[in-house]
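Structural overview
Here are the chains, one letter per residue:
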Amino acid sequence: RSSPTNNNHAHTHSCCCASSRVCSNHTTTTTTTLEYELSNFAKLTTRITTKSAAEGAALAEQRDIATDTGSTPDLPQAAGLPLSSRHHWNQLQRSLHALHHDQQQLRAYSSSSYSNNSNNDNNVADMSVNKQTNLEKYAPRDRLGLWGTGDNEVVGSISGFDRLLDKRFSKGLAFTHEERQQLGIHGLLPYAVRDEREQVTHCRTLLDRLEQSLDKYMYLVSLSERNERLFYKVLASDIAHMMPLVYTPTVGLACQRYSLIYMKQKGMFISIKDKGHVYDVLKNWPESDVRAIVVTDGERILGLGDLGANGMGIPVGKLALYTALAGIKPSQCLPITLDVGTNTESILEDPLYIGLREKRVTGPVYDEFIDEFMHACVRRFGQNCLIQFEDFANANAFRLLAQYRESFCTFNDDIQGTASVAVAGLLASLKIKKTKLRDNVLLFFGAGEAALGIANLCLMAMRNEGLSDEDAKARIWMVDSRGLIVRDRPKGGLTEHKLHFAQVHEPIDTLSEAVRKVRPNVLIGAAAQGGAFNQEILELMGEINQTPIIFALSNPTVKAECTAEEAYTHTKGRCIFASGSPFEPVTYNGQKFYPGQGNNSYIFPGVALGVLCAGMLTIPEQVFLVAAERLAELVSKEDLNKGSLYPPLANIVKCSVAIAEAIVDYAYKNGLATIRPEPANKLSFIKAQMYDIDYPRSVPAVYKM
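Read on for an overview of the structure. In this text, all values refer to a predicted model and were calculated from it rather than measured experimentally. (Residues numbered from 1 in each chain as written. Predicted model: local features only at pLDDT ≥ 70, side-chain atom pairs only at ≥ 80, totals over all residues. Heavy atoms only, no water.)

1. Points about the overall build of the protein
The number of helices and strands found in the protein is 28 helices and 18 strands. Sorting the 705 residues of the protein into buried and exposed places 57% on the buried side. Taking all contacts inside the protein whose residues are at least 6 apart in sequence as the whole, residues at least 24 apart take part in 72%. Accessible area of the protein: about 29,400 Å², with a carbon and sulfur share of 50%. (Helix = DSSP H or I, 4+ residues; strand = E, 2+ residues; numbered from the N terminus. Buried < 20%, exposed > 50% of the residue type's maximum accessible area, 1.4 Å probe, protein only. Contact = heavy atoms within 4.5 Å. Areas by Shrake-Rupley, 256 points an atom, 1.4 Å probe, with all protein chains shown as cover.)

2. With respect to the side chain of Asp-639
In this fold, Asp-639 is placed in helix H26 (residues 637–641). Within the buried set, Asp-639 has no salt-bridge partner at all; the shortest N-O distance to an opposite charge, 4.6 Å, is to Lys-642. Ignoring sequence-local partners within four residues, the contact set of Asp-639 consists of Leu-634, Ser-644, Tyr-646, Pro-647 and Pro-648. (Lys, Arg positive; Asp, Glu negative; His and termini not counted. Salt bridge = Lys/Arg side-chain N within 4 Å of Asp/Glu carboxyl O.)

3. So, the sheet that holds strand E11 (residues 483–484)
Strand pairing within a sheet occurs via backbone hydrogen bonds; the two strands may be parallel or antiparallel. An order of E11-E10-E9-E12-E13-E14-E17 is seen for the 7 strands of this open sheet, with the pairing classed as mixed. Taken across any chain shown, the strands that pair with only one partner, and hence form the sheet edges, are E11 and strand E17 (596–597). Inspection of the sheet shows strand E10 (residues 476–480) paired to E11 by 2 bridges, in the antiparallel sense. Residue pairing in the sheet places Asp-480 in a bridge with Gly-483 of E11. (Pairing = 2+ DSSP bridges.)

4. Some thoughts on the environment of Glu-372
Along the chain, Glu-372 turns up in helix H15 (residues 363–381). Linking Glu-372 and His-277, residues 95 residues apart in sequence, is a C-alpha distance of 8.7 Å. With sequence-adjacent residues up to four places away left out, Glu-372 is seen in contact with Asp-274, Lys-275, Gly-276, His-277 and Val-278.

5. Comments concerning helix H16 (residues 394–404)
By the burial criterion, the buried members of H16 are Asn-396, Ala-397, Phe-398, Leu-400, Leu-401 and Tyr-404. Buried residues belonging to H16 abut H15, strand E7 (386–389), strand E8 (410–412), helix H17 (413–433), helix H18 (449–464) and helix H20 (496–499).

6. Some thoughts on the layout of surface pockets
Using a probe with the size of a water molecule, rolled over the atoms, empty space left in the structure can be pinpointed. Within this model, the second largest pocket holds a volume of roughly 860 Å³. Where the lining of the second largest pocket is concerned, the elements lending two or more residues are H16, H17, H18 and E10. Considering every element that reaches the lining of the second largest pocket, the biggest residue donor is H17, with 4 residues. (1 Å grid on protein atoms, 1.4 Å probe; cavity = no way out; pocket = protein on both sides within 12 Å on 5 of 7 lines; lining within 4 Å. Points joined across faces, edges and corners; volume = space filled by probe spheres on them.)

7. A short note on the pattern of salt bridges
This model, assessed by the stated rule, comprises 34 salt bridges. Among the salt bridges present, the one from Arg-291 reaches Asp-289, with a minimum N-O distance of 2.9 Å. With respect to class, Arg-291 is no different from Asp-289; both count as buried. The partner of Glu-449 in a salt bridge is Arg-300, with the nearest N and O atoms 3.2 Å apart. Placement of the pair is Glu-449 in helix H18 and Arg-300 in the loop between strand E5 (292–296) and helix H13 (313–326), with a sequence separation of 149 residues. Taking the relative accessible area as the measure of exposure, Glu-449 reaches 2% and is therefore buried. Note on Arg-300: relative accessible area 23%, which makes it partly exposed. Where salt bridges share partners, they join Lys-167, Glu-225, Lys-264 and Lys-266 into one cluster.

8. What about helix H8 (residues 228–237)?
Summarising burial for H8: 8 of the 10 residues are buried, a large majority. When H8 is considered as a whole, its buried residues turn out to be Glu-228, Arg-229, Leu-230, Phe-231, Tyr-232, Lys-233, Val-234 and Leu-235. Residues of H8 that are buried make contact with helix H6 (196–209), helix H7 (213–226), helix H9 (239–246) and H13.

9. A closer look at the packing of H6 against H8
Here H6 crosses H8 at 75°, and the two axes come no closer than 10 Å. Classed by the angle they form, the pair H6 and H8 counts as roughly perpendicular. Of the residues in H8, those in contact with Glu-196, Gln-199, Val-200, Cys-203 and Arg-204 of H6 are Leu-230, Lys-233, Val-234 and Ser-237. When grouped by side-chain class, the residues that make up the contact of H6 with H8 number 4 nonpolar, 2 polar and 3 charged. (Axes fitted to C-alpha atoms, helices over the stretch in contact; angles between N-to-C directions. Parallel < 35°, antiparallel > 145°, perpendicular 65-115°, else oblique. Nonpolar A, V, L, I, M, F, W, Y, C, P; charged D, E, K, R; others polar.)

10. Observations regarding the sheet that holds E8
Reading across from one edge, E4-E6-E5-E7-E8 is the order of the 5 strands in this open sheet, with parallel pairing throughout. Edge positions in the sheet fall to strand E4 (268–271) and E8, since each has one partner strand and no second. Along the sheet, successive strands turn relative to each other by an average axial angle of 25°, direction set aside. Running at roughly 155° to E7, helix H24 (residues 604–614) makes contact with E5, E7 and E8 of the sheet.

11. Brief notes about the nonpolar core
The biggest cluster of nonpolar side chains holds 160 residues, and the ones touching the most others in it are Ile-293, Tyr-322, Ile-336 and Phe-373. In terms of residue count, helix H27 (residues 652–669) provides more of this core than any other element does, 11 residues in total. When residues no more than four places from it in sequence are discounted, the contact partners of Ile-336 are Met-268, Ile-270, Leu-282, Ile-293, Val-294, Val-295, Thr-296, Met-312, Pro-315 and Phe-373. Counting 31 residues, the second-largest nonpolar core is a separate cluster that includes Leu-523, Phe-533, Ala-567 and Phe-577. (Core = buried A, V, L, I, M, F, W, Y, C linked by side-chain atoms within 4.5 Å.)

12. Describing the side chain of Asn-412
Of note, Asn-412 is situated in strand E8. What makes Asn-412 buried here is its relative accessible area of 0%. Of the polar contacts made by the side chain of Asn-412, one reaches the backbone nitrogen of Asp-414; its length is 2.9 Å. A distance of 3.1 Å separates the side chain of Asn-412 from the backbone nitrogen of Ile-415, its partner in a polar contact. Those residues within four positions of Asn-412 in sequence are excluded, and the remaining contacts are Phe-389, Ala-397, Leu-401, Gly-417 and Glu-449. (Polar contact = N/O pair within 3.5 Å; in protein donor to acceptor, adjacent residues only side chain to side chain.)

13. A closer look at the packing of H24 against H27
Packing of H24 against H27 brings their axes to within 7 Å, and their N-to-C directions diverge by 40°. In terms of axis orientation, H24 runs oblique to H27. As for the relative orientation of H24 and H27, their crossing is right-handed in sense. Across the interface between the two elements, Pro-605, Gly-606, Val-607, Leu-609, Gly-610, Val-611, Cys-613 and Ala-614 of H24 pack against Ser-656, Ile-659, Ala-660, Ile-663, Val-664 and Ala-667 of H27. Along the lines of polarity and charge, the residues of the contact of H24 with H27 split into 11 nonpolar, 3 polar and no charged. (Left-handed = near helix turned anticlockwise from the far one by under 90°.)

14. Digging into a nonpolar patch on the surface
A surface patch of nonpolar side chains, amounting to about 340 Å² of accessible area, comprises Phe-161, Leu-165 and Leu-188. Structurally, the position occupied by Leu-188 is in the loop between helix H5 (177–183) and H6. On the basis of relative accessibility, which here comes to 47%, the residue Leu-188 falls in the partly exposed class. (Patch = residues over 30% accessible without salt bridge, like charges linked within 9 Å, V, L, I, M, F, W, Y side chains within 5 Å.)

Scope: geometric values only; no functional claims are made or implied.
In structure tokens, the structure reads:
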């Protein structure tokens, strides 16, 4: 049903349904709201109406409403009316059913509306595609993609003890004396009152007293459970120093000892024993407004192998960076480990192991479990809930991504995030060499998730530069554990994904021989074999190229194919180097180099923020090329001159926001955004939805009456 305040919204496409929410005489339309509001029925305070495209059905519906409400069929200003009648309940159910049934048609239609400005009255995209709205005069959104009136906090429902003890509200010694008295917590804290700066200084002092990185990790985790905002303030105080403590490389050690250091529940553990009841388990999570899920089955944690339930450190760490680097609210993030067992005997024999003590489940039972999980997430949290796959084994990672990417809002960071940050580094390095990607020959050491993901994105980039598929593939070579990947290789081991890049060439068994024969300009390591780029190979790269490009992307640090010092030394300071783990600056021949860390953290937080702000229902591969190109643009000449292919980590939050802005823009241009209307100032729109690490008021503001 159309709103008289927006006559251009009067028509809807015959295969879509839309929900309309009126806020301050402004109407927003989204196809993702219905699922959310049905699952949170009690919170719904505005009327959702739909209009059938069929004229007869529309008239019948109007008669139904007139009969049900005793009013005229046209209800122009429905804001604030409770959804309580049977008619409204049935109407909402019909709308949700139509949304599920026609979602694919709607996306296809919306996409086509960008390429031609049809005057067809049924064109739903005309409502907002060509009309941008300035959102700055409206209140910020309290939920990503939905209009709200502030935040979800009901002040009267939170006691003084809650504000003192709940990590979401606690301010520690930052509570003023007045607040302590008003909240009834006076005397429960020492007399001293500290401001935020003093609290951060105190935390940093305690952190610096700890010598082992794992001890620092445990302290930060403990802080996050006591005072959430202070935890993120500490991270923001020196993000370059803190990131290695909350994620790679420290998180690798934390995962190896997760059962030993496990102290308090974080995230959800869903085991294969819950098969058939996954939705019921998800309902136990205390937050219903979940926007981002990072999930692992623990089979391939970093380069450490099958760690089972101990792999929970990865999704916990990833989502901490979602908030720290992209401002996605902690309450909207959910880390999940799918515990299907482990094949690592030492873990099964560990008396402290917290997971399922069984061999890993595989085959149809595993697939059914994953499928149930995916559908349960959408049922519980909505179609636009982002589900990031993390550290699944190679075979499952590719298969699951292919199976779900077209119908779920999902991506795999090991494949696509790694690819994006690597391609960004390549594009930045080519600014130094003043060449195009298509002018270079690439040799990959490793043919797993990361290497194949990078290769596929390089293929897409080369096609965008004008090469044919065949010519682009001819520039991409790969070496795995059985040698150079060539067609009809006697040693076999060619999976479907590897065959995509198999060359017509004689078999080559070793990496050094492959470097001699292929003569690459770019050498990329993603095999998690520490020291694989030895002196011989690095010197060969220096002989073949005036400025060789060498990426040692495996992590943690002990798995890196070479160190920064080895790369610069054995190429006589002429190489362009990047790594997956951090390395200290290197001085060679009087020149100081600052090696760039090709950390996925440059990519996945910004991608997630952009996807959520646009309300994307799927994430096409092009999104990761958009992110890579935007990140490469952010690398300054100063960064390049000192040998770094990425912006300083101190600027990583700005990078995330810039990438999110590029993705939101891409989503609207290509009909992938479901949040309506399209914001005129996308940057302001994105920033308005980000988590605020400053302490909010603990007591309501007082005003005169």
